[in-house]
Each structure stands twice: as structure tokens, then as C-alpha cells.
Amino acid sequence: MIKPQSSNHYQIIDKDFNKTIDVPFTNIHSYRGNADFIYMSVDQESPSLDNKIVEYNRKTQKYKTIFNSKIKLPSVQGIELNDTWLLWVDTDEQGGYLNPYFMNLKTQEIQPLTKENEENVTNDFPILIGDYAAWIKMDRKGEKAEVMLKNLKTSETISIFNLNSFTFRNMSLSAKDGKILFTDEKDHFGYLYLYDVKSKEIKEFKSSFEFIGWARLLNNQQWVYLTFDDPTKSSTGDGKLIFYDSSTNHTQEVVSDMLDVNNLLTDFNNQVFLDTNAYKYYKKFKIKDHLLVEDGWLEAPYLFRYPAENNIYIFDQELNEKYKLIIQSELPN
């Protein structure tokens, strides 16, 4: 990731409140929001990349630091947010020392999610699901990986699944409606697993494809995922976007023979956004009659990344030679 020039600070534009403010941050890499606050990992006079987490008050346009990195050359990132909890990861610019933390929004108490700087262990970026956090723990020495679940109220931590493989495709968890979705590979087929946090039951779904990943839950019975080329062979560019409805046991190839995917996102309205090298903008999809159908484009120029959670969209764009973080509860088109 390239840092913006130090003279080019960010501007926050909150369209819901019709407010604009300049902030002294030369980079904002990770961010999540709700009706009242935006939480951001920012670079403020950092020797490296993002060095702190700040809380931005949407009503007053004021901000405060809630966490400073403990690492010499920091790259704080991986923010997740719900009504009760805030998660983030303190890491360095090389992606080492992944130390996740969580904060109770009511008490403002910050605790480490896992043991800090644990030797030979990497705890990948966690996600939130109610009062729980889930993540993939990798034991580099033992060459094994497992999906972990922690109750943030009681600190009880359990392993819910041992992965057969851990590649960039499988290092992704998705949660919604009390369920956690993830992928794995065995016997030359890809599998999807749906874990119920309340009942602790897990369901297995076999894919017709071997190399799958980037699974995203739309609701507790429908999801999307991507297929990939055989990593041992030359790329053919025939990756696919797959939609699956577990209530009807129907698999739909939504997009076939697509080039590399830059991003696959979902939002709080069960919409899907696909960004590939073939498209100028994000292609939108929506659910209709148990199928995923095209629904135009998200025409947001110079868009770096954006989350769409908690009924809030946050867009990171470079407009008129100025870096802008745009907050709104509706899509721009």
C-alpha cells in the first residue's frame, strides 16, 4: 500500500449530517461506522503506516484517539464493529505480529483477543458475530490451522473446526444472523461450512469445484463465493462467481470466465458487489426469486475500498486531488 503524500490530508464528508471536516490524517486504511460514530485506523505522524485507532463523532465532528500501536513500524488495521464491540489488529508494515484487540463500546475497556506476540502462531483478522469473535489461528510450526471462537463477555475460547488447508482462498470468514461461513478443501473438492453459534452445530456443503473461497453470507441460508484456477497450473481466467441457496439446494453460476477479482462485497441489503479487472466500476447484483441477478453498477470513481455494514456505507475516494472519506446511509446511485 502506498501512503498519500504528507501534504494531502483526508477530508471526511458525512452526507447524512451534511457536514465536512478536514482531519490531520495522511492515511485512513480501515474503517467501520454506525449511526453515531466512525472508527478508523489512521496515520497521524506515523513512522510507517497507520499508527492508531480514532473514534469520530458524527454529530459533533470531533475525534479522539482510543488506541496507539504498540509496534515500532505499525500498520493498524482490520476494524470490525457492531452495537457492542469494536475489533482491530495491531500489526507491522510487513504483516507480522498480528495482535488482535477488542473494546467494549460501553465501558471503553480494551483487551487482547489472543495471547500477544505468540511464537510460531498467527491469528488472522477476526470478525464479529454478536458477542463473539471468530478468526483463523495458524500454527506455523505444526503446520495446522483451526477456526476459533471467543465469547467476548466470558472470554471462553474454543476451536470449532480444524482446516485441511489454509491458503489465501480459505483465510476468510463471514458471519450473519448467528451463523459463520467458511471454506475448506478435501479429496479434490471445495467445501463450505456453516456454523451455528447458538446451537454449536455445523453443516457441510460440497461444491462442484475444487478451488473455492472468499465466501460471503447474504443471510442464514444464501451465500456467494468464488472459484479459482488450479494454483499449480497456468491461469486460465475462468474463475466464477457462485450463488448458493441452501433452502432449495440450488447452485447458480452468476458470472463465468472472469478475470482476477479485486473485491467481492456484500451489504446490509443483501446486495453483492463485484470488482474485477474487466469492469470499470463495481457490478451490482441482487436476489430475485431465489436467484442472484445483475442490478446495474456502483459508479463511484477512484474508489479504493468501502465497507457496507450497520446500515452505513463508507467510501474511500480520491476526488479533485483530495483524499475523502464519504459517509452515507444510501448508495450514491
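Structure's up top.
Residues numbered from 1 in each chain as written. Predicted model: local features only at pLDDT ≥ 70, side-chain atom pairs only at ≥ 80, totals over all residues. Heavy atoms only, no water.

S.K.: Would you take a moment to explain the overall build of the protein chain for this structure?
M.R.: Each helix and strand in the protein chain was counted, giving 0 helices and 31 strands. In terms of overall size, the protein chain behaves like a compact globule, its C-alpha atoms giving a radius of gyration of 20 Å where 333 residues would be expected to give roughly 20 Å. Along the first, second and third principal axes, the C-alpha atoms of the protein chain reach 50 × 45 × 40 Å. The burial tally for the protein chain puts 55% of its 333 residues in the buried class. Contacts spanning at least 24 positions in sequence make up 36% of the contacts within the protein chain whose residues lie at least 6 apart. Carbon and sulfur atoms make up 44% of the accessible area of the protein chain, which totals about 16,000 Å². (Helix = DSSP H or I, 4+ residues; strand = E, 2+ residues; numbered from the N terminus. Rg over C-alpha atoms; globule rule 2.2 N^0.38 Å. Buried < 20%, exposed > 50% of the residue type's maximum accessible area, 1.4 Å probe, protein only. Contact = heavy atoms within 4.5 Å. Areas by Shrake-Rupley, 256 points an atom, 1.4 Å probe, with all protein chains shown as cover.)

S.K.: Explain the environment of Ser 207 here, please?
M.R.: Within the element layout of this structure, Ser 207 appears in the loop between strand 19 (202–206) and strand 20 (212–217). Each C-alpha atom of the pair Ser 207 and Thr 251 lies 8.8 Å from the other, and the pair is 44 residues apart in sequence. If we skip the residues at most four places from it in the chain, Ser 207 touches Phe 189, Gly 190, Leu 192, Ile 212 and Tyr 225. A distance of 3.0 Å separates a polar atom in the side chain of Ser 207 from the backbone nitrogen of Phe 209. (Polar contact = N/O pair within 3.5 Å; in protein donor to acceptor, adjacent residues only side chain to side chain.)

S.K.: What's the story with the nonpolar core in this structure? I'm lost.
M.R.: Side chains of a nonpolar character, in soluble globular proteins, are inclined to be buried together. Within the largest apolar cluster, 19 residues are counted, with the highest numbers of intra-cluster contacts made by Ile 136, Val 147, Leu 149, Ile 180 and Phe 182. Those elements giving two or more residues to this core turn out to be strand 12 (127–129), strand 13 (132–139), strand 14 (144–151), strand 15 (157–163), strand 17 (179–186) and strand 18 (189–196). Beyond its immediate stretch of four places on either side in the chain, Phe 182 contacts Val 147, Ile 160, Phe 161, Leu 163, Ser 172, Leu 173, Tyr 191, Leu 192, Tyr 193 and Ile 202. By size, the runner-up hydrophobic cluster in this structure holds 17 residues, among which are Tyr 10, Ile 12, Met 40 and Ile 312. (Core = buried A, V, L, I, M, F, W, Y, C linked by side-chain atoms within 4.5 Å.)

S.K.: Help me out: how do you make sense of the sheet that holds strand 17 in this one?
M.R.: By definition, the strands of a sheet pair up through backbone hydrogen bonds, in either a parallel or an antiparallel sense. In spatial order, the strands read 16-17-18-19; together these 4 strands make up an open sheet with antiparallel pairing. Strands at the two margins of the open sheet, each flanked by one partner only, are strand 16 (174–176) and strand 19. If you compare each strand with its neighbour and ignore which way they point, the axes differ by 25° on average. Pairing analysis gives 3 bridges linking strand 16 to strand 17, with the strands arranged antiparallel. Directly across from Ser 174, in strand 17, lies its bridge partner Leu 181. (Pairing = 2+ DSSP bridges. Axes fitted to C-alpha atoms, helices over the stretch in contact; angles between N-to-C directions.)

S.K.: How should the pairing of strand 2 (residues 19–23) be read in this particular structure?
M.R.: For a regular strand, the rule is simple: side chains alternate between the two faces of the sheet. Pairing of strand 1 (residues 10–14) with strand 2 involves 5 bridges; the strand directions are antiparallel. Residue pairing in the sheet places Gln 11 in a bridge with Asp 22 of strand 2. Connecting strand 1 to the antiparallel partner strand 2 that follows it, the hairpin turn spans 4 residues, and Asn 18 within it adopts a positive phi of roughly 55°.

S.K.: Before we go on, may I ask you to explain the pattern of salt bridges in this structure?
M.R.: One side chain can pair with another of opposite charge once the charged atoms of both are near each other. Following the criterion strictly, the structure yields 15 salt bridges and no others. Put simply, Lys 153 and Asp 131 hold a salt bridge, and the shortest N to O gap is 3.4 Å. Separated by 22 residues along the polypeptide, Lys 153 in the loop between strand 14 and strand 15 and Asp 131 in the loop between strand 12 and strand 13 bring together distant segments of the chain. For Asp 131, a relative accessible area of 24% puts it in the partly exposed group. (Salt bridge = Lys/Arg side-chain N within 4 Å of Asp/Glu carboxyl O.)

S.K.: Explain the side chain of Thr 114 to me, please; I cannot follow it from the model alone.
M.R.: Considering the arrangement of structural elements, one finds Thr 114 in the loop between strand 10 (110–112) and strand 11 (121–123). Look at Thr 114 and you get buried, because its relative accessible area is 14%. In this structure Thr 114 touches Pro 100, Asn 123 and Trp 135, once residues within four positions along its chain are discounted.

S.K.: For this particular structure, what's the right way to read the side chain of Ser 174?
M.R.: Within the secondary structure, Ser 174 is located in strand 16. One polar contact links the side chain of Ser 174 to the main-chain amide nitrogen of Leu 217, over a distance of 2.9 Å. When sequence neighbours within four positions are dropped, the list of residues in contact with Ser 174 reads Ile 127, Lys 179, Ile 180, Leu 181, Ala 215, Arg 216 and Leu 217.

S.K.: Any chance you could explain the sheet that holds strand 24 (residues 261–266) here in plain terms?
M.R.: A sheet is described by the order of its strands in space; here 4 strands give the open sequence 24-25-26-27, paired in antiparallel fashion. Strands with a single pairing partner mark the edges of an open sheet, and in this sheet they are strand 24 and strand 27 (291–298). Between one strand axis and the next, the sheet turns through 25° on average, direction left out of account. Here strand 26 (residues 282–288) pairs with strand 27 via 6 bridges, running antiparallel. In the sheet register, Ile 287 faces strand 27, and the bridge partner there is Leu 292.

S.K.: Just to check I follow, could you spell out the packing of aromatic side chains for this structure?
M.R.: Two descriptors summarise a pair of aromatic rings, namely the distance from one centre to the other and the angle between the planes of the rings. As enumerated under the stated definition, the model contains 22 aromatic pairs in all. Through pairs of rings, three or more aromatic residues link up here, namely Phe 268, Phe 273, Tyr 282, Tyr 306, Tyr 313 and Phe 315. The aromatic ring of Tyr 191 is capped on one face by Lys 186, whose charged end is 4.8 Å from the ring centroid. (Phe/Tyr/Trp six-rings, centres within 6.5 Å; stacked < 30°, edge-to-face > 60°. Lys NZ or Arg CZ within 6 Å of the ring centre and 35° of its normal.)

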